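Now for the letters of each chain:
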There are 2 protein chains.
Amino acid sequence: MAVEFESVVTVSAAKQIAESLRAAIMDGRLKVDERLPTEEELAQRFKVSRPTVREALKRLAAQHLIRSRRGPAGGNFVSSPAPEEAAQSLANAATLMVAVGDISLDAMATARLELEVVCCRLAASNRTDEHLDAMRRELQAQRNAALTDEEFCASDIRFHRAMVDASGNTLLQFLMHAVVEALQPVSNMIIFRVRDRQAIVGFHERILHSVESRDAETGAAALADLVAYTRDRYREALERRADRTG
Amino acid sequence: MAVEFESVVTVSAAKQIAESLRAAIMDGRLKVDERLPTEEELAQRFKVSRPTVREALKRLAAQHLIRSRRGPAGGNFVSSPAPEEAAQSLANAATLMVAVGDISLDAMATARLELEVVCCRLAASNRTDEHLDAMRRELQAQRNAALTDEEFCASDIRFHRAMVDASGNTLLQFLMHAVVEALQPVSNMIIFRVRDRQAIVGFHERILHSVESRDAETGAAALADLVAYTRDRYREALERRADRTG
DNA sequence: AGCCATTATTTGTCGGACTAATATTTTGAG
DNA sequence: CTCAAAATATTAGTCCGACAAATAATGGCT
């Protein structure tokens, strides 16, 4: 273990140790899957106790920067960031920001529309048969009236994710998965009527067809219609809720 | 403190406690700025020791879900997610994914272009004078030849952020700040020649003008040119580096 | 009444001990 | 000699108990 860490002296040891290790990982002094010293050794090196080191490690673990295994040949390892977990964290943050009002639902809706239009255009040129199949599968599933609302919503999300995946851009996938996920609570609120489902399936058919035929423009139109429709249904749902409560 | 937590029994106590608290925060049982029980009390409630509770709390702190203060009237408080910090986390994750190859630079560049075109279009219709001023200020700063490379890069980032902010969409701001940030290492690598600076200032002028005159199309073109230019300079930089090392 | 010292409360840190998991080594049987 | 099972060593996970540091509230002093 030849990696050097800056020594930490002043305040809030755990936080600074975490920061020091994080920096070491970020700028490549610690590589992915590399094992870092044992907690005991780190404690000696940073001149703190093991619990303090552990708190630092937990901070990193919470960001999925390290993973740990017990036993000999165990230890704490630099973890390559799993995109799904990172997307989950992002989705959580976005959900909270919506809940607290930092992001308005309107901003979220327009952002989603704009981003999905971009993905749709890329998908129209980069799609593969696998992606089309995935979209078709979800669309077929959504036609099943026996689906519960939750199942329908889940399939809805998978459909959009499949379209995003078809764009072939991993960064957009990453961002969009989180955005779509963060919007799920809203979707859950408004999908409950058969008519709504049929309408949404109709939008999805138009989207799928646009990607199939490599015609991004109709896809953009379909997405715009879908967002407008969703917005209206959401407003209605809010009014109904207002009626019930007062 | 009337909030109930599910009791945790089976495995990995700290992780489950963190998850339990996180869920309580996410679905609103714990509201922002609310103080949660003392560590002692949580330890009793979850039937674990205080260090274990602390590890759970550190996990949440790492995700900026809670903040802590010492002293009476201190404690652990639910923290409203600061967009900048969340964006920083996202940027870190993105940087790592680029470093590890989960995201190709090409994917990153196209994603950035597409997203910035979206932001530019929104900015053209939603911009305020403050946003225009911010963009003008940075542009003026970039004309100063005395700037160090780092200062020029920083101003470059601020210019793009100002344009993104002008879109008026907080979610896009949030995402783009992270994307732009994650791209900084690349920028740092290629900005070193006076000619490059002049070219980039030229692109920025076109972008600013398009937002000023509410003409999104020319802005999109300028952004595309900027990305293409940047890509070429980056390829050259890579070749130079290859020459030096081999 | 206003200011300062005291105090109480809560997180931060510590050291050590024990538990649980697990890879390695040793041992034993075939 | 081979292979499997048991012992062993190593390492993270948990726990306890205590003290340090920060800080708001309290109470006493001027």
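Residues numbered from 1 in each chain as written. Chains lettered and ligands numbered in written order. Predicted model: local features only at pLDDT ≥ 70, side-chain atom pairs only at ≥ 80, totals over all residues. Heavy atoms only, no water.

A. Examining the overall build of chain A more closely. Check the secondary structure of chain A and you find 11 helices and three strands. Starting at the N terminus, the α and β elements of chain A follow one another as α-β-α-α-β-β-α-α-α-α-α-α-α-α. Relative to a compact globule of 246 residues, whose C-alpha radius of gyration would be 18 Å, chain A shows 23 Å and is clearly more extended. Across its three principal directions, the C-alpha atoms of chain A cover 65 × 50 × 30 Å. Across chain A, every contact between residues at least 6 apart in sequence was considered, and the portion connecting residues at least 24 apart equals 69%. When the accessible surface of chain A is totalled, it reaches about 11700 Å², and 51% of it is carbon and sulfur. Chain A carries 33 positive and 36 negative side-chain charges, and their two centres are separated by 4 Å. (Helix = DSSP H or I, 4+ residues; strand = E, 2+ residues; numbered from the N terminus. Rg over C-alpha atoms; globule rule 2.2 N^0.38 Å. Contact = heavy atoms within 4.5 Å. Areas by Shrake-Rupley, 256 points an atom, 1.4 Å probe, with all protein chains shown as cover. Lys, Arg positive; Asp, Glu negative; His and termini not counted. Charge placed at Lys NZ, Arg CZ, Asp CG, Glu CD.)

B. Structural view of the confidence of the model for chain A. Residues and elements named next belong to chain A. When pLDDT is averaged along chain A, the result is 88; 94% of the residues meet or exceed 70. Per-element confidence in chain A is highest for helix α6 (residues 129-142), whose mean pLDDT is 96, and lowest for helix α9 (residues 184-190), whose mean pLDDT is 79. Of the regions scoring below 50 in pLDDT, residues 1-10 engages in 24 contacts with residues more than four places distant in sequence or in other chains. (pLDDT = per-residue confidence, 0-100.)

C. Region of interest: the sheet that holds strand β2 (residues 66-69) of chain A. Read across the sheet, three strands follow the order β1-β3-β2 (chain A) without closing on themselves; strand pairing throughout is antiparallel. Here the strands that pair on one side only, and so sit at the sheet edges, are β1 (35-36) and β2 of chain A. (Pairing = 2+ DSSP bridges.)

D. Main features of the packing of helix α5 (residues 105-126) of chain A against helix α5 (residues 105-126) of chain B. Two numbers describe how α5(A) lies on α5(B): the axes approach to 10 Å, and their chain directions differ by 135°. Comparing the axis directions of α5(A) and α5(B) gives the class oblique. Regarding α5(A) and α5(B), the two cross each other, and that crossing is right-handed. Contacts between α5(A) and α5(B) pair A:E114, A:L115, A:V118, A:R121 and A:L122 from the former with B:E114, B:L115, B:V118, B:R121 and B:L122 from the latter. (Axes fitted to C-alpha atoms, helices over the stretch in contact; angles between N-to-C directions. Parallel < 35°, antiparallel > 145°, perpendicular 65-115°, else oblique. Left-handed = near helix turned anticlockwise from the far one by under 90°.)

E. Quick look at the pairing of strand β3 (residues 75-78) of chain A. Residues and elements named next belong to chain A. Judged from the two bridges that link them, β1 and β3 form a sheet pairing that is antiparallel. Across the sheet, the residue bridging to R35 is F77, located in β3. Linking β2 to β3, which pair antiparallel, is a turn of five residues; within it G71 sits at a positive phi near 90°.

F. Highlighting the protein's contact with DNA strand C. Of all residues adjacent to DNA strand C, which total 25 residues, the nearest are A:A13, A:T52, A:P72, B:R50 and B:R54. Take the atoms of DNA strand C that sit within 4 Å of the protein: sugar and phosphate atoms are 68% of them. One nitrogen or oxygen atom from the main chain of A:S49 is found 3.1 Å from a phosphate oxygen belonging to DNA strand C. Measuring from a phosphate oxygen of DNA strand C, one finds a side-chain N or O atom of B:S68 at 2.9 Å. In terms of residue class, the surface near DNA strand C is made up of seven nonpolar, nine polar and nine charged. (Near = heavy atom within 4 Å. Polar contact = N/O pair within 3.5 Å; in protein donor to acceptor, adjacent residues only side chain to side chain. Nonpolar A, V, L, I, M, F, W, Y, C, P; charged D, E, K, R; others polar.)

G. Seen up close, the nonpolar core. If you look at the biggest cluster of nonpolar residues, it comprises 115 residues, and the most contacted ones within it are A:L175, B:F174 and B:L175. When sequence neighbours within four positions are dropped, the list of residues in contact with B:L175 reads A:L90, A:L115, A:L175, A:V179 and B:L90. (Core = buried A, V, L, I, M, F, W, Y, C linked by side-chain atoms within 4.5 Å. Buried < 20%, exposed > 50% of the residue type's maximum accessible area, 1.4 Å probe, protein only.)

H. Seen up close, the interface of chain B and chain A. Taken together, the contacts link 42 residues of chain B with 42 residues of chain A. Carbon and sulfur atoms supply 72% of the area that chain B and chain A bury against each other, a total of about 3800 Å² over both sides. Of all residues in chain B, B:M26, B:L96 and B:L171 give up the largest surface area on contact with chain A, accounting jointly for 15% of the area buried on that side. If you look at where chain B meets chain A, you find four salt bridges. Linking chain B to chain A there are 10 residue pairs in polar contact (both at pLDDT 80 or more). If you list the elements that add at least two residues to the side of chain B that touches chain A, you get α1 (13-26), α3 (50-62), α4 (83-100), α5 and α8 (170-182) of chain B. (Buried area = accessible area lost by both parts, 1.4 Å probe. Salt bridge = Lys/Arg side-chain N within 4 Å of Asp/Glu carboxyl O.)

I. Inspection of the domain arrangement of chain A at higher detail. Considered domain by domain, chain A is made up of domain 1 (13-78) and domain 2 (84-245). Each of domain 1 of chain A and domain 2 of chain A has a C-alpha centre, and the two are 39 Å apart. (Domains from an automatic or database assignment.)

J. Fine view of the pattern of salt bridges. Residue and element names in this part refer to chain A. Throughout the structure, instances matching the rule amount to 36 salt bridges over all chains. A salt bridge links R22 to E19, with the shortest nitrogen-to-oxygen separation between them at 2.8 Å. A residue pair is termed a helical-turn pair when its members lie 3 or 4 positions apart in one helix, as R22 and E19 do in helix α1 (residues 13-26) at three residues. Assessed through its relative accessible area of 16%, R22 is described here as buried. Owing to a relative accessible area of 40%, E19 belongs among the partly exposed residues under this scheme.

K. Structural view of helix α10 (residues 194-212) of chain B. When the terminal C-alpha atoms of α10(B) are compared, their 27 Å separation across 19 residues agrees well with the 27 Å that a helix rising 1.5 Å per residue should span. Once α10(B) ends, the next one or two residues include B:R214, with phi positive near 55°. (Expected span 1.5 Å × (residues − 1).)

L. Here's a closer look at the side chain of A:N169. Within the secondary structure, A:N169 sits in the loop between α7 (149-166) and α8 (170-182). Given a relative accessible area of 3%, A:N169 falls into the buried group. A distance of 3.0 Å separates the side chain of A:N169 from the backbone nitrogen of A:L171, its partner in a polar contact. If we ignore the near neighbours within four places in the chain, the residues touching A:N169 are B:A107, B:T110 and B:A111.

M. Representation of the protein's contact with DNA strand D within the structure. Within the structure, DNA strand D sits among 26 residues, and A:R50, A:R54, B:A13, B:T52 and B:P72 are positioned closest to it. Counting only atoms of DNA strand D within 4 Å of the protein, the fraction found in sugar and phosphate groups is 68%. In this structure, A:R54 approaches DNA strand D through a side-chain N or O atom, which is 2.8 Å from a phosphate oxygen. In this structure, a sugar or linking oxygen belonging to DNA strand D sits 3.4 Å away from a side-chain N or O atom of B:R70. Those elements that place two or more of their residues in the surface near DNA strand D are α3 (50-62), β2 and β3 of chain A together with α1 and α3 of chain B. For the surface near DNA strand D, the leading source of residues is α3(B), giving four residues. Considered class by class, the residues forming the surface near DNA strand D number seven nonpolar, nine polar and 10 charged.

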